Amino acid sequence: NRAIGRIHVPPIFFLQLLLLALLIFALSEPVFSVRPTHIAIVMDNSASMQAVQDGKTRLARAQEKAAGVIDELGAAGRVDLYVTTPRLAKTHAAALAPGEAKNAVNNIKSYDLGDSPIDYDHALNQLAQEHNYERVYLITDHPAGGQTAAIRVISVGQPLDNLAITAFDVRRSSLVDSRLEASAGIANLSAKNQKIKLLLKADGVDLANREITIGPDKTAHVTFDGFPEHSSYEIEIDRRDALPLDNRRFAVLPRAR
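Let us look at the structure shown here. (Residues numbered from 1 in each chain as written. Predicted model: local features only at pLDDT ≥ 70, side-chain atom pairs only at ≥ 80, totals over all residues. Heavy atoms only, no water.)

**Observations concerning helix 4 (residues 120-131)**
Stage number 1. Compared with the 16 Å implied by 1.5 Å per residue over 12 residues, the 16 Å span of helix 4 between its first and last C-alpha is a close match.
Stage number 2. Where helix 4 is buried, its residues meet strand 1 (38-43), strand 4 (78-83), strand 6 (135-140) and strand 7 (151-155).
Stage number 3. One or two residues past the end of helix 4 sits Asn132, with phi positive at roughly 55 degrees. (Helix = DSSP H or I, 4+ residues; strand = E, 2+ residues; numbered from the N terminus. Expected span 1.5 Å × (residues − 1). Contact = heavy atoms within 4.5 Å.)

The following block contains the structure:
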């Protein structure tokens, strides 16, 4: 009741103050880390890494991410470099110094093949155990989760609308008819209708064309007939999209008549 007097603090106050301090430290999550010295970088070099977004391929973005990982190693670090396609394999027999690793990463090329259908969770953990890697980094355009202290996945790129020729063949109409027929399958891997023009070619010459509209996430089938015999044939979507690789396909006639 006095205006100025001695403050009486109960002992429980100091215990509460200690608990508050511990809670603040816990929420701030202080981390004390040591730079790894021996790591593996697994680069996805499958066909989808050729997709272009904002003027850069996914592979180019993956190479930039790999360079950032290598920069964190320091001069004494060592890197084993792997690629996923045509199979998960090491690119160099001996571990690379940071500068060598950067050059090797920049020299990786994308194959016109899909990545290997393997269990990457198992494969990467096995790599870490067999070679005593402190960390294994997978850099890919696939979304991933469930990372651990030893296994890190870095995703690059975003899903993109795409058109793709999924099938193409040329044949004779029947055993008694020598006229030729071509058929093709075209997939619309997007969320909206797509109107496209298909070109049938042979030996650099346009033989026929067809305009079609395909619904979202649908596949259309197109046929051509009445064209002359050539050594090989090509069908092409007359449009540029994020992945030009699957916009054309080739076929030859069966040898047997």
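**Some words on the sheet that holds strand 6**
Stage number 1. Strand order in the open sheet formed by five strands is 5-4-1-6-7, with mixed pairing between adjacent strands. The open sheet terminates on both sides in strands that have one partner only, identified here as strand 5 (89-90) and strand 7.
Stage number 2. As defined by bridge partners, strand 1 adjoins strand 4 across six bridges and the pair is classed as parallel. Bridge assignment links Ile39 to a residue of strand 4, and that residue is Val79. (Pairing = 2+ DSSP bridges.)

**So, the environment of Lys102**
Stage number 1. Looking at the secondary structure, you find Lys102 in helix 3 (residues 98-106).
Stage number 2. Separated by 35 residues in the primary sequence, Lys102 and Ala67 have C-alpha atoms spaced 5.9 Å apart.
Stage number 3. Dropping the residues within four chain positions of it, Lys102 is found in contact with Ala67, Ile70 and Asp71.
Stage number 4. A distance of 2.5 Å separates a polar atom in the side chain of Lys102 from a polar atom in the side chain of Asp71. (Polar contact = N/O pair within 3.5 Å; in protein donor to acceptor, adjacent residues only side chain to side chain.)

**Considering the packing of helix 2 (residues 58-71) against helix 3**
Stage number 1. Remark: helix 2 packs on helix 3, axes separated minimally by 10 Å, with the N-to-C direction vectors making an angle of 175 degrees. Taken together, the axes of helix 2 and helix 3 are roughly antiparallel relative to one another. The segment helix 2 lies against helix 3, with Gln63, Ala66, Ala67, Ile70 and Asp71 engaging Pro98, Ala101, Lys102, Val105 and Asn106.
Stage number 2. A class-by-class count of the residues in the contact of helix 2 with helix 3 yields six nonpolar, two polar and two charged. (Axes fitted to C-alpha atoms, helices over the stretch in contact; angles between N-to-C directions. Parallel < 35°, antiparallel > 145°, perpendicular 65-115°, else oblique. Nonpolar A, V, L, I, M, F, W, Y, C, P; charged D, E, K, R; others polar.)

**Focus: the nonpolar core**
Stage number 1. Membership of the largest hydrophobic core comes to 23 residues, with the highest contact counts inside it found for Phe168 and Ile186.
Stage number 2. Elements represented by at least two residues in this core include exactly strand 8 (162-172), strand 9 (180-189), strand 10 (194-202), strand 11 (205-214), strand 12 (219-225) and strand 13 (233-237).
Stage number 3. When residues no more than four places from it in sequence are discounted, the contact partners of Phe168 are Ala182, Ser183, Ala184, Leu200, Tyr233, Glu234, Ile235, Arg249, Phe250 and Ala251.
Stage number 4. Core analysis: the next-biggest nonpolar cluster, separate from the first, contains 22 residues, Ile39, Leu73, Leu96 and Ala104 among them. (Core = buried A, V, L, I, M, F, W, Y, C linked by side-chain atoms within 4.5 Å. Buried < 20%, exposed > 50% of the residue type's maximum accessible area, 1.4 Å probe, protein only.)

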